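Reading the structure
Each chain, letter by letter, is given below.
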Amino acid sequence: MTTGLSRRGFFHVAGAGIGLLALPPLVHAAPTMQTLRASAASVDLIGADRERPADYSATDVWAYDGAVPGPLLRGRVGERLRIRLQNDIEEPTSVHWHGIRIDNAMDGVPGLTQDPVQPGESFDYDFELTHPGTYWYHPHMRSSQQVGRGLYGMLIVDEAKPLDVDRDLLLVIDDWRINAEGQIDIASFGNLHDAAHGGRLGNWMTVNGQSGPVLPVKAGERVRLRVANVANARIFEIDTEKLGAVALSRDGHGLDKAAKPQDPVLLGPGQREDLVFDVPEGAQTIPIQDVSTGEPVTAATLKVEPSDGAPSQRPALDTLSLPRFGTEPDTDNARVVDLVMEGGAMGGLATANLDGESMSLQEIAQKGYVWAFNGRVGKMDYRLFEAARGETIAIDMVNRTSWPHAMHMHGHHFRILTRDGKPATDIAFRDTVLVGPEQSVRVAFVADNPGKWMLHCHMLEHQASGMVATFAVNG
Ligand code: C2O
Ligand code: CU
């Protein structure tokens with residue numbers, strides 16, 4: 001299994017570059033409609049301090065408002081977000097608000113909750129920000145290509161009572177597949193080999209749209225670090241040990257209390273983790289590294305400036321917490337739904353049902369699919385279950401493949417109950433859970449948000465090739 005960020009040609013991912021961090025402009029939720037424009041753009045993904053291909057000035061991308069990530073959308077819990085998506089790319093698109101418990105009609109899934117937004121047209125999203133946390137947004141049409149070309153941004157919903165910190169930092173981690181000219185390798189979108197393996201893995205890492213950005217902090221100050229994995233398929237492992245941080249929320253959902261972060265912080269595509277730490281005195285720079293390849297790669301560097309004065313007196317990190325929401329599932333009385341994942345390379349899937357016909361894996365692959373849920377190639381018409389409003393559903397996800405999957409549920413958060421039958425140690429409400437090869441994970445949730453929702457693998461090439469299901473919450 002290739003997970004290495006390859007360093008062919010001019011690529012030197014490790015080593016921090018010095019440059020100003022250009023965080024995207026802040027757009028506060030406002031009662032008026034704001035336009036979010038998806039269009040072609042060009043951005044410098046490589047950075048002036050790196051070895052650049054001859055004649056390189058920028059990478060052609062698709063972006064929201066010309067920037068990668070797109071504008072940071074932010075509002076306080078209880079406010080409304082009103083966004084007019086203007087589609088100026090050459091194909092239909094939509095915006096999905098990942099992780100938000102949202103009115104179903106605003107969920108942004110063409111074929112389920114709305115029609116595709118055609119080139120030149122617009123669609124108005126208007127919804128209440130009902131729960132605080134760290135979320136993101138991206139298209140839900142040909143996601144592998146549209147997200148892979150740069151269409152994504154962050155959405156932060158501030159708590160009613162904000163966490164007392166000096167600085168709120170974002171670490172939006174992506175990997176791109178870049179060719180020798182520094183351009184996106186477009187010809188490899190839709191590659192079935194990637195789809196049958198770990199998905200479209202890139203060879204160039206960016207954080208906040210930059211290669212190895214330097215983020216200024218001050219000694220002694222308290223920082224909230226919101227880490228998000230927006231890559232198509234790569235699982236990042238972020239080493240935060242040097243920070244002495246506590247983890248306060250996962251996928252926007254507060255943990256019961258401050259926890260020791262995972263070591264390293266494992267983030268599948270779509271997942272987020274909020275950490276809080278006090279910047280240590282003494283160090284001048286602190287690298288934040290991805291260790292998923294076995295070789296540390298510096299994702300970003302904190303540059304520690306001297307403090308302004310005596311650090312303010314604050315409660316200890318381990319006494320902090322963020323609100324959690326959602327009803328605790330009554331797991332003893334849950335209805336159990338099976339979700340058996342099969343297929344992919346080295347998977348031994350012999351036949352599966354595609355559009356009502358039983359076919360061999362080879363026939364399925366000829367049609368561009370390589371995965372099955374419960375023996376069926378998953379598409380938008382696959383209704384896995386229907387729940388009565390308020391019903392507790394447990395889903396037994398059984399991964400009979402040789403690949404990890406990042407299973408994402410729309411409109412709800414689930415609690416992770418067990419892994420391989422043993423109580424889960426990463427106990428948390430999440431909207432996306434990593435299920436390892438040959439692993440089984442049981443999650444449970446209260447189906448309390450009516451509408452038609454998706455449950456799919458967030459490795460976007462797996463999603464495109466059969467790892468899709470929907471469910472309905474009635475009432
Ligand atoms: Cu982040 Cu169905 O998506
Ligand atoms: Cu998958």
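Computed from a prediction, not measured in an experiment: that's the story for all the values here.

Here we look at the sheet that holds strand β33 (residues 451–457)
The mixed open sheet is built from five strands, whose spatial order is β25-β34-β33-β27-β31. With partners counted over all chains shown, the strands left at the sheet margins are β25 (383–387) and β31 (432–435), one partner each. Averaged over all adjacent pairs, the angle separating strand axes in this sheet is 20°, with direction ignored.

Things to note about the packing of aromatic side chains
For any two aromatic rings, the description comes down to two numbers: the centre-to-centre distance and the angle of the planes. For the coordinates displayed, the defined rule picks out eight aromatic pairs. Ring geometry for tryptophan 97 and tyrosine 137: centres 5.6 Å apart, planes at 40°, overall tilted. Of this pair, tryptophan 97 sits in strand β6 (residues 96–98) while tyrosine 137 sits in strand β8 (residues 133–138), and the two are 40 residues apart along the sequence. Judged by its relative accessible area of 0%, tyrosine 137 is buried. With 4.9 Å between their ring centres and 15° between their planes, phenylalanine 385 and phenylalanine 471 make a pair best called stacked. Of this pair, phenylalanine 385 sits in strand β25 while phenylalanine 471 is found in strand β34 (residues 468–473), placing the two residues 86 residues apart along the sequence.

Side note on the confidence of the model for the protein
In the predicted model, the protein carries a mean pLDDT of 92, and the fraction of residues at 70 or more is 93%. Scored below 50 in pLDDT, residues 1–26 shows 76 contacts in the model against residues more than four places distant or in partner chains.

Focus: the pairing of strand β21 (residues 335–343)
Pairing geometry for β21 and strand β26 (residues 391–399), over seven bridges, is parallel. By the bridge assignment for β26, valine 337 is matched with isoleucine 395. Relative to strand β24 (residues 371–373), β21 runs antiparallel, the two being bridged by three bridges. What sits directly across from methionine 341, in β24, is phenylalanine 373.

About the thresholds
- Counting starts from 1 at the beginning of each chain's written sequence and moves along it residue by residue.
- For naming, the first written chain is A and the first written ligand is 1, with later ones following in the order written.
- Per-residue local features of the predicted model are confined to residues with pLDDT of at least 70, and side-chain atom pairs are confined, for both listing and counting, to 80 or more; whole-chain, interface and lining totals are unaffected and use all residues.
- Excluded from the side-chain calculations are hydrogens and water; all other atoms, namely the structure's heavy atoms, are used.
- Strand pairing requires that DSSP identify at least two bridges connecting the strands.
- Each helix is a run of DSSP H or I of at least 4 residues and each strand a run of E of at least 2, with the numbering of both proceeding from the N terminus.
- Structural elements are reduced to axes, namely lines fitted to C-alpha atoms, with helices fitted over the stretch in contact, and the angle between N-to-C directions of any two is expressed from 0 to 180 degrees.
- Side-chain rings of Phe, Tyr and Trp, where Trp is taken by its six-membered ring, are said to pair if the distance between their centres is within 6.5 Å; with planes under 30 degrees apart they count as stacked, over 60 as edge-to-face, and otherwise as tilted.
- Throughout, exposure labels follow a simple rule: accessible area from a 1.4 Å probe, protein chains only, divided by the maximum for the residue type, with under 20% read as buried, over 50% as exposed, and the rest as partly exposed.
- pLDDT measures the predictor's confidence residue by residue and takes values from 0 up to 100.
- Here a residue-residue contact requires only that any non-hydrogen atoms of the pair lie within 4.5 Å.

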